[in-house]
Amino acid sequence: MHDFDYKHGKLHCADVSLKGIAHELGTPFYCYSLPTLKRHVRAFEDPLAGVDHQTCFAMKANSSLAILAFMAGQGLGADVVSGGELYRAIKAGIPGNKIVYSGVGKTTDEIDMAIHAGIMMFNIESEQELEVINARAGKLGKKAPISIRVNPDVDPKTHPYISTGMKNNKFGIDIEGSMAQYLRAKNMENIEIVGIDCHIGSQLTEVRPFIDAAARLKALIANLASLGVELRYLDLGGGLGITYLDEEPPNPKEYCAAIIDAVGNLGLKLIFEPGRVIVGNAGVLVTEVLYRKETAAKTFIIVDAGMNDLLRPALYGSYHDIKPLEEKNGETIKADVVGPICESSDFLAKDRDLPNLIRGDMIAVMSAGAYGFTMASNYNSRTKPPEVLVDGAEYYVLSKRQTYEDLIVAENIPETVR
Ligand SMILES: *Cc1c(COP(=O)(O)O)cnc(C)c1O
């Protein structure tokens, strides 16, 4: 569900015409819908009413300060995976005790920063990380709250690049290993065991893998309890999928009900880390057709947004729906929608049935609210696009288009090269 619909033949976000924004800001730009974000947060939170839980938005999906501030206002916390994300979360007003810190490569500085911020817990991904966190907490005269990220070895049946809970993945610690690490952690001076965690992958379209993972964690929790390791939090990660084309993922209500059922009455506070399901369909990328190029093999629609703006098609071969900003009837074409970048992987759509697009037309690349702007880069020295948020009949600029000056501001030319 989203709020991007045609009104009088023009694609709108809520009550704002996307073309109107394009005329004021130029293209490309990201546009997010506040009404959609609100609905998605409610859709996730309402089924959890009455369940002791904390939802920690996985901010790598969308780390705009304004969107994080919105999440904070909704009572959500954050799942962070770097010092930069922790910095953003705090700046946006997310309380430290609602922040969980995941990721296999936490640096010493990042660990110190998170200890100072008083986070809810570190999700530990390796034996060595546990030792380092114990040592850093000792240095700072604190106790670091931890959970172990368990790799439950279940197949999430998603794209291999976003599958994270199988034994050949770099994430988490396997079940037997987790047991051993909890017992070590129990004797560590500066570690406080608070929870257990798993996150098996992203863009999951079935509940089964979530249920299987929860069942394995449940068995582990029982074993731990019998050895005197008591927990407060059960973190089930994120990963619920969305519809890009014709996927039929469980809705948040079905997902939450299935998890609550699988977990049963453990007496633990449930932690969720949804990202994509909250923001994915709440955003689009708007771009203008620069050229139409007919070759012997194909028709190419060349647009002013590329893989530096939206990496998902190049990285995962992902499908994003394409809609013209002005409704077009009649003739259709089959074409690749490609960007200006000097890479053959720079495409937004392949062999797609499209309206008869011509130079000057504008299109919206749909479902771009998650892993869109956060993956944007300056490749080919292209400036990052602006992000706007629509609420009702108004839109607000969340981040400005970068300037050429922004591209070089951190650089220096030492005399020695002259
Ligand atoms: C990426 C990630 C998430 C969010 O995944 P979505 O598929 O966007 O819900 C949650 N937790 C961890 C640890 C992650 O790495």
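Small disclaimer: the values here were computed from a predicted structure and weren't measured.

Q: Go over the domain arrangement of the chain with me, naming the residues and quoting the values.
A: Taken domain by domain, the chain comprises domain 1 (4–32 + 280–408) and domain 2 (34–278). Computed over C-alpha atoms only, the centres of domain 1 and domain 2 are separated by 32 Å. With 22 residues of domain 1 at the interface, the matching set in domain 2 holds 23 residues. Between domain 1 and domain 2, the buried area comes to about 1900 Å², and carbon and sulfur atoms account for 60% of it. Our count for the domain 1 to domain 2 interface comes out at 0 salt bridges. At the surface where domain 1 touches domain 2, the tally comes to 9 residue pairs in polar contact (both at pLDDT 80 or more). For the side of domain 1 that touches domain 2, the elements supplying multiple residues, two or more each, are helix H11 (312–316) and strand E20 (387–391).

Q: Describe in detail the environment of Ile173, supporting the description with residues and values.
A: Here Ile173 lies in strand E10 (residues 173–174). Owing to a relative accessible area of 11%, Ile173 belongs among the buried residues under this scheme. For Ile173 and Arg149, which are 24 residues apart along the polypeptide, the C-alpha to C-alpha distance reads 6.3 Å. Contact partners of Ile173, with chain neighbours within four places excluded, come to Glu125, Ser126, Glu127, Ile148, Arg149, Val150, Asn151, Ser178 and Gln181.

Q: Before we move on, can you summarise the pairing of strand E8 (residues 121–124) with the specific residues and values?
A: Burial of the side chains of E8 extends over both faces: Met121 and Asn123 are buried on one face and Phe122 and Ile124 on the other. As judged from the 2 bridges shared by strand E7 (residues 99–101) and E8, these two strands associate in the parallel manner. Paired with Tyr101 across the two strands is Phe122, which belongs to E8. Judged from the 3 bridges that link them, E8 and strand E9 (residues 144–151) form a sheet pairing that is parallel. Within E9, the position partnered with Asn123 by the bridge is Ser147. For the crossover that starts at E8, traverses helix H6 (residues 127–139) and ends in the parallel E9, the hand is right-handed.

Q: Describe the site of the ligand, listing the residues and the values that go with them.
A: Taken together, 15 residues form the shell around the ligand, and within it Lys60, Ser202, Glu273, Arg276 and Tyr371 come nearest. Measuring from an oxygen atom of the ligand, one finds a side-chain N or O atom of Ser202 at 2.3 Å. Measuring from an oxygen atom of the ligand, one finds a side-chain N or O atom of Tyr371 at 2.6 Å. For the ligand, whose unbound accessible area comes to 390 Å², protein coverage reaches 95%. Tallied by class, the residues present in the shell around the ligand amount to 3 nonpolar, 7 polar and 5 charged.

Parameters and conventions
- Residues numbered from 1 in each chain as written.
- Predicted model: local features only at pLDDT ≥ 70, side-chain atom pairs only at ≥ 80, totals over all residues.
- Heavy atoms only, no water.
- Domains from an automatic or database assignment.
- Contact = heavy atoms within 4.5 Å.
- Buried area = accessible area lost by both parts, 1.4 Å probe.
- Salt bridge = Lys/Arg side-chain N within 4 Å of Asp/Glu carboxyl O.
- Polar contact = N/O pair within 3.5 Å; in protein donor to acceptor, adjacent residues only side chain to side chain.
- Helix = DSSP H or I, 4+ residues; strand = E, 2+ residues; numbered from the N terminus.
- Buried < 20%, exposed > 50% of the residue type's maximum accessible area, 1.4 Å probe, protein only.
- Pairing = 2+ DSSP bridges.
- Right-handed = clockwise from strand over helix to strand, strands pointing away.
- Near = heavy atom within 4 Å.
- Areas by Shrake-Rupley, 256 points an atom, 1.4 Å probe, with all protein chains shown as cover.
- Nonpolar A, V, L, I, M, F, W, Y, C, P; charged D, E, K, R; others polar.

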